[in-house]
Amino acid sequence: MNHGRLRSVTFWSLVVVTIFNALSAIGGGIAMLATDGLGMPSSFLASGPFTSFTVPSLILLIVVGGSQAVASALLLARRDSALLWSSIAGFGMLIWIFAETALINGISWLQVLYFATGMLQLVLVLALLGVVGWLPRGQLGGGST
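All values reported here derive from a predicted model rather than from experimental measurement. (Residues numbered from 1 in each chain as written. Predicted model: local features only at pLDDT ≥ 70, side-chain atom pairs only at ≥ 80, totals over all residues. Heavy atoms only, no water.)

Asks: Before we go on, may I ask you to explain the environment of L14 in this structure?
Replies: On the secondary structure map, L14 appears in helix α1 (residues 3-35). Distance from L14 to L58, taken between C-alpha atoms, is 25 Å for residues 44 residues apart in sequence. Non-local contacts of L14, meaning those with residues more than four positions away in its chain, are made with L75, L83, S86, Q121, L124, V125 and L128. (Helix = DSSP H or I, 4+ residues; strand = E, 2+ residues; numbered from the N terminus. Contact = heavy atoms within 4.5 Å.)

So, in structure tokens, the structure goes:
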């Protein structure tokens, strides 16, 4: 596969992962707000600073989902700041998962999934920045410069 095609596949993979993360975080935040925690027991909050699921829901919705949505829009518009925002959103996802597992004192398959999507997002950003030898740096979405 030539570098232009590989860059394009890498770019569109980042777009898909970022949109998936955005929709998941926004949908999860709204659902948590609407249901007061999606049926999670309030004991999950016992070791943390929150007395209800409202603030964590808003953080998931606005901070995690919002940064992913901004990154998605910038990627689709092929803006210069797209990779910066994608990395911010990826790190935000990882921080969210670390904090969540620490606060609830447990782990589920969903946390493993979203940790993996956050890591994948960062790996794809690094690839598009030319940090890896197999994909030289170029324009977003393909191209050779």
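Asks: Help me understand helix α3 (residues 82-104) in this model?
Replies: A rise of 1.5 Å per residue sets the reference length of α3, with its 23 residues, at 33 Å; its end C-alpha atoms lie 32 Å apart and thus fit the reference within 8%. Buried residues belonging to α3 abut α1, α2 (54-76) and α4 (109-128). Backbone geometry just downstream of α3 places N105 in the positive-phi region, at approximately 60°. (Expected span 1.5 Å × (residues − 1).)

Asks: What's the story with the nonpolar core in this structure? I'm lost.
Replies: Counting 11 residues, the largest nonpolar core is built from F11, L14, V15, V17, L74, L75, A82, L83, L124, V125 and L128. If you list the elements that add at least two residues to this core, you get α1, α2, α3 and α4. Take this core: its biggest share by element is 4 residues, from α1. Counting 10 residues, the second-largest nonpolar core is a separate cluster that includes M32, L45, I97 and Y114. (Core = buried A, V, L, I, M, F, W, Y, C linked by side-chain atoms within 4.5 Å. Buried < 20%, exposed > 50% of the residue type's maximum accessible area, 1.4 Å probe, protein only.)

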